[in-house]
Structures are given as structure tokens and as C-alpha cells.
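Single-letter residue listing:
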Amino acid sequence: MNKYDQIQGFRRNMGPLLPLFLSGFVTYFGLILKTGTDPIFWILNFVFRDTLNFGVVIYCILVLLVFTLIYQRYLSELDSFNSKFLLYMRRKYFHLLIIFLIVPPLYVSPTTCSLSLSFAFFGMCVSEFVRVLDFGGFGKQISEFYKSSLDEKDSGKLAMSHIYLLFGCAFPIWIENNFSVQALSGVLAVGIGDAVASIIGIKFGRHRWFGSKKSIEGTLGFICSILASSLCIEYFANPSNKFTFQKAIIS
């Protein structure tokens, strides 16, 4: 391959990433001009100046390591396409990961949790961008990792389920920035309710809603799991206030 072909290959690989780099460049220096502070140093200072914030970061790293080891040890070798239930178990495993990564950090430090979710969302978007473009040869590796947990909803070129999952859980937290049923509404609906409904529906679902593949048993599991989780969250969010079942339902 001559030098001209190398240059053309580099341009083909880097061309689609230029808007991403440009937007990052503009955002970075825009924040410096707007706030007068380097955002990178602000983040480092925010994390390391407070033992609590640093502890939250360490906790998230440990959770990721533990869940990764468990997945590699017990779930990665399962042939999920031979069993619909195993496929759902593998997909819902990441819902469980979301719960462990969001609920305890949000209870301890809402701001740190919101900031971490912002980085996670950005990282997932970049990861999908790299996967689709197969930038640097990493796309095939990411696709291979995704393959074991994809279903018909991700049959297109873009695999967006994981991004939708994170955004659905993170958006209420970005809005509320506190530990409450409202802030955790995304986690309740997507991380807990949807996971429980899917597992119960597949394992025990016998009666279908008219004109739908959804089961009545799965719907009941969805409702009961959200109500039970809301009661727990409301109790820990307001331990000194009067705790009522009606208040949790309204929340």
C-alpha cells in the first residue's frame, strides 16, 4: 500500500469521527469560557476533594468488576439462542447491574451519581458510534460482545436498547437530582418493573392480553414489583416523615 492509499484510508476512518471530535472540542472550550474553569480539573477536584464522592466512584468500579466477572464466568458461555428464557436472563442481568450502579450512589451522593451517569451515557454513545463504523478494528469486538444479548429489537444496524435503558434511568435523576421515587422512576419502570415482567411473563405467563403478546402475569409482576420498590424507596427517602402506602402509590 502506497502513501496515498494510506492517507485515503485514514481519511475514510477518521472522517465520520470529525464531527464528534469537533463537538467535543467546542464543548470543552465553551465550558472554559463560560465558567472560567477547566472542566477536567473541576471533575478531578470534585471526585478527589471529598471522601464520599471518591468512595462512590470506587464502589461503582468494584460493582462493574464483580458483575463482569460473574457474567464471564456464568453467563457468557450460555447459548442464549437455544432458550428464550436464557436470552432474557442475560439481558435482564444488565438491568440488575443498573440498579446496583444507580440506587446506592444516588442515596449517598446524588450529584456524583448524576455526573457518573452523564459520562456513562456519553461513553455508550461513543461505543455505539465506534461499533457501527468499526473504527480501529474495535467495532467487531464490540459487536461480538453485544451479540450474545441482542434480540429482534436490535436487528438493525444500530443497537440502541442499552442506550435507551441508561437514558430512561438517568433522565429523571438529571431532572430531580435527589433520592426519591420521582428520581428513580426510570429505574423502577425499566430496571425493575420491565425485568420482573419479562421474567415472570416468560416463565409463568399463561394468559395473554387481547391482541398482544404480553401476559397478564407479567403485567401483574410489573405492577407489584414497582409498588414494592416504591414503598422501600419512600421509606428510605423520608424516614422521619409519616410513611403511607397511598403516598408511595401517588409518587
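Residue positions within a chain follow its written sequence, with the count starting from 1. For this predicted model, a pLDDT threshold of at least 70 governs which residues receive local features, and a threshold of 80 or more governs which side-chain atom pairs are given and counted, while totals over whole chains, interfaces and linings are taken from all residues. To get the side-chain values, all heavy atoms of the structure are used, and hydrogens and water are removed first.

Enquirer: Could you clarify how one ought to interpret the overall build of the protein chain in this entry?
Expert: Summing up its helical and strand segments, the protein chain has 11 helices and 0 strands in all. For the protein chain, the α and β elements follow one another from N to C terminus as α-α-α-α-α-α-α-α-α-α-α. The buried label applies to any residue whose accessible area, calculated with a 1.4 Å probe on protein chains only, is under 20% of its type's maximum; exposed applies above 50%, and partly exposed to all values in between. Counting every position in the protein chain, which comprises 251 residues, the buried fraction comes to 31%. Two residues qualify as a contact provided that any one of their heavy atoms is within 4.5 Å of a heavy atom in the partner residue. Long-range pairs, those at least 24 residues apart, make up 61% of the contacts in the protein chain between residues at least 6 apart in sequence. Here the accessible surface of atoms and residues is derived via Shrake-Rupley with a 1.4 Å probe, and residues count as covered only by protein chains that are part of the display. Roughly 15900 Å² of accessible area belongs to the protein chain as shown, and the carbon and sulfur atoms make up 69% of that amount. Every helix listed is a DSSP run of H or I at least four residues long, and every strand listed is a run of E at least two residues long, numbered separately from the N terminus.

Enquirer: Honestly, the packing of helix α9 (residues 185–204) against helix α10 (residues 216–237) in this entry has me stumped. Any pointers?
Expert: Two quantities define a packed helix pair, namely the angle between the axes and the distance from one axis to the other. Working convention: axes come from line fits to C-alpha atoms, limited for helices to the stretch in contact. Angles between N-to-C directions cover 0 to 180 degrees. Where α9 meets α10, the axes come as close as 7 Å, and the angle between the chain directions of the two elements is 145°. The two elements α9 and α10 meet at a crossing, and its hand is right-handed. Every residue of α10 that contacts α9 at L188, A189, I192, G193, D194, V196, A197, I200, G201 and F204 is listed here: E217, G218, G221, F222, S225, I226, S229, S230 and I233. Across the contact of α9 with α10, the residue classes tally to 10 nonpolar, 7 polar and 2 charged. Here is the rule for handedness: rotate from the far helix to the near one, and if that takes an anticlockwise turn smaller than a right angle the crossing is left-handed, while a clockwise turn gives right-handed. Lys, Arg, Asp and Glu make up the charged group, whereas Ala, Val, Leu, Ile, Met, Phe, Trp, Tyr, Cys and Pro make up the nonpolar group; the residues left over, Gly among them, are polar.

Enquirer: Would you take a moment to explain unusual backbone geometry for this structure?
Expert: Peptide bonds are, in most cases, trans, and in most cases residues other than glycine have a negative phi. One non-glycine residue, N177, lies in the positive phi region at around 55°. With respect to the element layout, N177 can be found in the loop between α8 (161–176) and α9. We classify N177 as partly exposed; its relative accessible area is 34%.

Enquirer: Explain the environment of F138 here, please?
Expert: Residue position: F138 is located in helix α7 (residues 138–147). Placed 11 residues apart in sequence, F138 and S127 show a C-alpha to C-alpha distance of 9.2 Å.

Enquirer: Just to check I follow, could you spell out the packing of aromatic side chains for this structure?
Expert: What characterises a pair of aromatic rings is the spacing of the ring centres plus the angle enclosed by the ring planes. Aromatic pairing here means that ring centres of Phe, Tyr or Trp (its six-membered ring) are within 6.5 Å. Orientation follows from the plane angle: under 30 degrees is stacked, over 60 is edge-to-face, and everything else is tilted. Counted by the stated rule, this structure contains 12 aromatic pairs. Ring geometry for Y107 and F236: centres 6.5 Å apart, planes at 85°, overall edge-to-face. Of this pair, Y107 sits in helix α5 (residues 84–108) while F236 sits in helix α10, placing them 129 residues apart in sequence. Taking relative accessible area as the criterion, Y107 reaches 47% and is therefore assigned partly exposed. Ring geometry for F121 against W174: centres 6.1 Å apart, planes inclined by 80°, an arrangement best described as edge-to-face. Pair noted here: F121 is in helix α6 (residues 110–133) and W174 is in helix α8, with a separation of 53 residues, a long-range link. Ring pairing ties together the aromatic residues F67, Y93, F94 and F100, which thus form one cluster.

Enquirer: Explain helix α3 (residues 39–48) here, please?
Expert: Residues three or four positions apart in an α-helix share a direction because the helix packs 3.6 residues into each turn. Looking only at α3, the buried set comprises P39, F46 and V47. Buried residues of α3 fall within an arc of 95° about the axis and therefore sit on the same side. Exposed and facing more than 90 degrees away from the buried side of α3 are F41 and F48. This arc corresponds to the set of directions leading from the helix axis out to the C-beta atoms.

Enquirer: Where do I start with the UniProt feature "transmembrane region" (unreviewed entry) in the protein chain in this structure?
Expert: UniProt positions are given in the numbering used here, feature names are shortened, and annotations may be inferred rather than shown by experiment. Per the UniProt record, "transmembrane region" (unreviewed entry) is found at residues 12–32, 52–71, 92–109, 115–137, 158–175, 181–204 and 216–237. End-to-end, the C-alpha atoms of residues 181–204 are 28 Å apart, and along that stretch the chain is 83% helix and 0% strand. Secondary structure content for residues 216–237 is 100% helix and 0% strand, and the end C-alpha separation is 31 Å.

Enquirer: Where do I start with the side chain of S215 in this structure?
Expert: By secondary structure assignment, the location of S215 is in the loop between α9 and α10. Once residues within four sequence positions are removed from consideration, S215 is found in contact with G201, G205, H207, R208 and W209.

Enquirer: Help me out: how do you make sense of the nonpolar core in this one?
Expert: It is characteristic of soluble globular proteins that their nonpolar side chains tend to be buried jointly. Nonpolar core, defined: a set of buried Ala, Val, Leu, Ile, Met, Phe, Trp, Tyr and Cys residues in which side-chain atoms within 4.5 Å join the residues together. If you look at the biggest cluster of nonpolar residues, it comprises 18 residues, and the most contacted ones within it are I102, L106, L117 and L184. Among the elements of the structure, α5, α6, α8 and α9 are those that each provide at least two residues to this core. The element contributing the most residues to this core is α8, with 5 residues. Two domains each put at least three residues into this core: domain 2 (51–166) and domain 3 (179–250). Not counting residues up to four positions away in its chain, the partners in contact with I102 are C113, L117, C169, I173, L184 and V187. Note that the domain bounds were set by an automatic or database domain assignment.

Enquirer: When you look at a nonpolar patch on the surface in this model, what are you seeing that I'm missing?
Expert: Grouping into patches uses exposed residues only, defined as over 30% relative accessible area, and leaves out salt-bridged ones; the cut-off is 9 Å for like charges and 5 Å for nonpolar side chains (Val, Leu, Ile, Met, Phe, Trp, Tyr). Salt bridges are defined as contacts in which a side-chain nitrogen from Lys or Arg sits within 4 Å of a carboxyl oxygen from Asp or Glu. A grouping of I40, F41, L44, F48, F54, I58, I61, L62 and L65 is seen on the molecular surface, where their side chains present a nonpolar patch of about 880 Å² in accessible area. Contributing elements (two or more residues each) for the nonpolar patch: α3 and α4 (51–75). Top element by residues in the nonpolar patch is α4. It accounts for 5 residues. For F41, the position within the fold is in helix α3.

Enquirer: Explain α10 to me, please; I cannot follow it from the model alone.
Expert: A helix is expected to span 1.5 Å multiplied by its residue count minus one. Its 22 residues give α10 an end-to-end C-alpha distance of 31 Å, which sits within 8% of 32 Å, the value for a rise of 1.5 Å per residue. Listed as buried for α10 are E217, G218, G221, S225, I226, S229, S230, I233 and E234.

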